[in-house]
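Tertiary structure, described
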Amino acid sequence: MSSMEETHHHSSSFSNDVVLNLPDSQPQGKKKKDTLVLAYKTLGVVFGGLVTSPLYVYPSMPLNSPTEQDYLGIYSIMFWTLTLIGLVKYANIAIRADDHGEGGTFALYSLLCRHFNIGILPSKQVGMNSTRVTETNTWLAKLFETSIVARRLLLFVAMLGTCMLIGDGILTPAISVLSAMDGVRAPFPSVTKSLVEALSAVVLIFLFLLQKYGTSRVSFLFSPIMGAWTLCTPLVGIYSIIHNYPTIFKALSPHYIFQFFSRNGKSGWLLLGGTVLCITGSEAMFADLGHFNPRSIQIAFIFTIYPSLVLTYAGQTAYLIKNPNDHNDGFYKFIPTQVYWPIFIISTLAAVVASQSLISATFSVIKQSVVLDYFPRVKIVHTSHNKEGEVYSPEVNYILMVLCVAVILIFGDGKDIGNAFGVVVSLVMLITTILLTLVMIMIWRTPAILVSLYFCVFFVMEGVYVSAVFTKFAEGGWIPFAISFILAFIMFGWFYGRQRKIDYELTHKITFERLEELLADSVVQRVPGLCFFYTNIQDGLTPILGHYIKNMKSLHKVTVFTTLRYLLVPKVAPHERIVIRKSNLKGVYCCVIQYGYADTLNIEGDDFLDQVIKSLKMHIQNCPDNLSSDSQSIEEEVASLEEARLAGVVHVRGKTRFYIGLNCGWFDKIMLGFYEIMHSNCRSGLPTVGVSLQQRIEVGMLYEA
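Residues numbered from 1 in each chain as written. Predicted model: local features only at pLDDT ≥ 70, side-chain atom pairs only at ≥ 80, totals over all residues. Heavy atoms only, no water.

1. Focus: the sheet that holds strand β7 (residues 649-659)
The condition that has to hold: A pair of strands counts as paired when DSSP detects no fewer than two bridges linking them. Numbering of helices and strands runs from the N terminus, with a helix taken as a DSSP run of H or I at least four residues long and a strand as a DSSP run of E at least two residues long. Each axis is a line fitted through C-alpha atoms, and for a helix only the stretch in contact is used; angles between axes span 0 to 180 degrees, taken between their N-to-C directions. Two residues qualify as a contact provided that any one of their heavy atoms is within 4.5 Å of a heavy atom in the partner residue.
Judged by pairing direction, the sheet is mixed, and its 6 strands sit side by side in the order β5-β6-β4-β3-β7-β8 without closing on themselves. Only two strands of the sheet have a single neighbouring strand rather than two, namely β5 (578-582) and β8 (696-704). Strand after strand, the sheet turns through a mean of 30° between neighbouring axes, direction not considered. Alignment of strand β3 (residues 525-534) against strand β4 (residues 554-566), held across 8 bridges, turns out to be parallel. Considered in β4, the bridge of Gln-525 is made with Ser-554. Against the sheet, helix α24 (residues 543-552) touches β3, β4, β7 and β8, its axis set at about 110° to β8.

What follows is the structure in structure tokens.
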């Protein structure tokens, strides 16, 4: 097991300190200007999915001979969904529940873990929960702290929410591009649906092939495109309202909703599977907090996105009241002929931008999960040297591309993809509501009356939406659920296995006193050469060391216990890259190699060796213990370093597996067995830092589960 795998657990406190200790020296006017610039940038990144939803909402509804009253009821439902879920829940409540500036379901889970003892294993809590509040007055906190089942369930729910966001990354590109390309059929009736699907697949394949170049090269176009879309659609909406149904805004009265359900009953409830899509992408307001700030997201939503959507849907509904049977043709029918082609071009570009924002979000979520050790290691490439969030993963990219194209070609009908999309949208909202309620009760200590009001309104509202979309489970709704469930199981299995390994290593770690005892044995030889021995824990040495010495009966004359430490900063300053600590044993050193997300880490060839040996020599010469000793002993120690280097360099790392004995419970047998399959098939931690095969030794060891 490589130390690279583990060091992620030691990095969070460092990076947070860096962020928190920055002086706030900006003048007020500059801050306001920066916030407005950020608000403009959010149009292209955060709101892509939400603002393009008018393309596919009406075509996704199974409407049958709708009347004027039906359309007024549907518009009223959409208006109140946007207002309550978009404006109240996400833009004003969820946005405040960040974890050190990060948003999303994992951030809510992390927030709960930092305040209470509700992680799966104690080792994880030691590393990450330094700011935990110890008082656990609430019955809910006591329930989670005493019940392992409740803790596992909470983690699984948080992971499922994250996986649903990845499911969103598959479905948003498919439904957005397909709905936008469908506009070709109105002016050219001879174009078949199959041709539209093929064109959409080509556009998506092209989009995925461009990912490796990074989004920054084209992202300067994102906000102007989405700005044009956000401005044009409400203008067309206002034109449609004036020409078709000027009194549309009477539908803002909630009594139209009650009339709609009393008149339509079960069929009205089933229509909710389509109306829920009007709020699609709202989770991004919360999930993308790390790239922007709450104020910029609020300004953009309240002053541009929300009014734009309200007016666009009003215009669409006004047109459909006059032309009740055009709902299947969706968005393009209500566009006036004079501006048809400009709107078609803008909508196609907007659909591509919406797809891009979800693809980028998926890469970010996967990268965050790999860094925090919640996901098997995949290749992560940073496509920008000054933006941490801009990442690309070849494996994830091509899997997404295949799934996106498959969704379009197999479920080419927008209704089926809409059903699948509805499941993702409604479940992510429900999971966020549940986790936010826990944060309100356990951390914010919100008065019970307000918590009850929040929970009742949103849980009932989203619960009804979830129940409606689940009736479409057989008609495409199973796709994202299956993908998300498989991803959540992979994440949970990987996380559980990694934590059990850390737990074992912390329990059985080798101290320097124990190492001294092992080396004092006359059978153990100090052999010539320089050895980098990779260890995962910084306050001790890996148990593999004891296993190695007992069986090999030797240790190299100069042994450097090396830990790779990933920091959430772009680049680590050269003088901070290598941190040396000397033990009181001859020829034994500890070395922490720190690197940021934009650093290229290469442990191949002489460059790395030169850096480490230079740092070791400086440490030997400047160490307080050595300053009092004579210069001859210092020279001898430096000479022994060079001698060891010339004798040969070797990199030793552990290759550990779990021994799953008869005493293991059924849960451990399943989860650890699954972890072992993943661990043997994912990327190794060490080759990613370029150690040549000739210099590498892997020491196998079984950890008892």
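Following the structure, the description resumes.
2. Here's the deal with the pairing of β5
In the sheet, β5 pairs with strand β6 (residues 588-595) via 5 bridges, with the strands oriented antiparallel. Within the sheet, the bridge partner assigned to Ile-580 lies in β6 and is Cys-591. Linking β5 back to β6 in an antiparallel pair, the connection comprises 5 residues, with Gly-587 at a positive phi of about 75°.

3. Comments concerning the pattern of salt bridges
We count it as follows: When a carboxyl oxygen of Asp or Glu lies within 4 Å of a side-chain nitrogen of Lys or Arg, that pair is called a salt bridge. Each residue is assigned to one of three classes by its accessible area relative to the maximum for its type, calculated with a 1.4 Å probe on protein chains only: buried under 20%, partly exposed between the two thresholds, exposed over 50%.
Tallied over the entire structure, the rule returns 9 salt bridges. One salt bridge connects Arg-500 with Asp-668, and the closest N-O pair in it is separated by 2.8 Å. Of this pair, Arg-500 sits in helix α22 (residues 478-507) while Asp-668 sits in helix α29 (residues 666-681), and the two are 168 residues apart along the sequence. Accessibility expressed as a relative area gives 16% for Arg-500, which makes it buried. Take Asp-668: its relative accessible area is 14%, and that puts it in the buried class. We note a salt bridge from Glu-698 to Arg-653, for which the minimum N-O separation is 2.6 Å. Here Glu-698, found in strand β8, pairs with Arg-653, found in strand β7; they are 45 residues apart in sequence, far enough to count as distant. A relative accessible area of 38% means that Glu-698 is categorised as partly exposed.

4. Focus: helix α19 (residues 394-410)
We apply this condition: Expected helix span is computed as 1.5 Å times (number of residues minus one). This arc corresponds to the set of directions leading from the helix axis out to the C-beta atoms.
The end-to-end C-alpha distance of α19, which contains 17 residues, comes to 24 Å, matching closely the 24 Å that a straight helix rising 1.5 Å per residue would cover. Where α19 is concerned, the buried positions are Pro-394, Val-396, Asn-397, Leu-400, Met-401, Cys-404, Val-405, Val-407 and Ile-408. Along the axis of α19, the buried residues cluster in a sector spanning 160°; they form a single face. Of the exposed residues in α19, those oriented more than 90 degrees away from the buried face are Ile-399, Val-402 and Ile-410.

5. What to know about the packing of aromatic side chains
Geometry of an aromatic ring pair is reported as the spacing of the ring centres plus the angle between the planes. For the record, the criterion: Stacked, edge-to-face and tilted labels apply to pairs of Phe, Tyr and Trp rings (six-membered ring for Trp) whose centres lie within 6.5 Å, assigned for plane angles under 30 degrees, over 60, and everything in between, in that order.
Applying the stated rule across the entire model yields 31 aromatic pairs. When the centroid spacing of 5.9 Å and the interplanar angle of 55° are considered together, the rings of Tyr-56 and Phe-421 count as tilted. Placement of Tyr-56 in the loop between α4 (48-51) and α5 (68-93) and of Phe-421 in helix α20 (residues 414-444) is noted, with a sequence separation of 365 residues between them. The burial state of Tyr-56 is the same as that of Phe-421; both residues are buried.

6. Some points on the confidence of the model for the protein chain
We apply this condition: A residue's pLDDT is the confidence the predictor assigns to it, expressed on a 0 to 100 scale.
Summing up the model confidence of the protein chain, the mean pLDDT is 83 and the portion of residues at 70 or higher is 87%. Averaged over each element, pLDDT in the protein chain is lowest for helix α2 (residues 12-20) (33) and highest for α5 (95). This model gives residues 121-135 a pLDDT under 50, and the stretch forms 34 contacts once residues within four places in sequence are excluded.

7. Regarding the environment of Asp-326
The condition that has to hold: We define a polar contact as two N or O atoms separated by no more than 3.5 Å, with the added condition that, inside protein, one atom must be a possible hydrogen donor and the other a possible acceptor, whereas residues neighbouring each other in sequence contribute only through side-chain atom pairs.
Tracing the backbone shows Asp-326 in the loop between α17 (294-322) and α18 (340-371). Once the C-alpha coordinates of Asp-326 and Tyr-58 are considered, the two residues, 268 residues apart in sequence, prove to be 9.5 Å apart. Filtering out sequence-adjacent residues up to four positions away, Asp-326 remains in contact with Tyr-319, Leu-320 and Lys-333. At a separation of 2.6 Å, a polar atom in the side chain of Asp-326 contacts the side chain of Tyr-319.

8. Quick word on the environment of Arg-657
Following the sequence through the fold, Arg-657 ends up in strand β7. According to the relative accessible area criterion, Arg-657 is partly exposed, its value standing at 47%. Setting aside residues no more than four positions away along its own chain, Arg-657 makes contact with Lys-501, Glu-676, Met-701, Leu-702 and Tyr-703. A polar atom in the side chain of Arg-657 sits 3.3 Å from the side chain of Glu-676.

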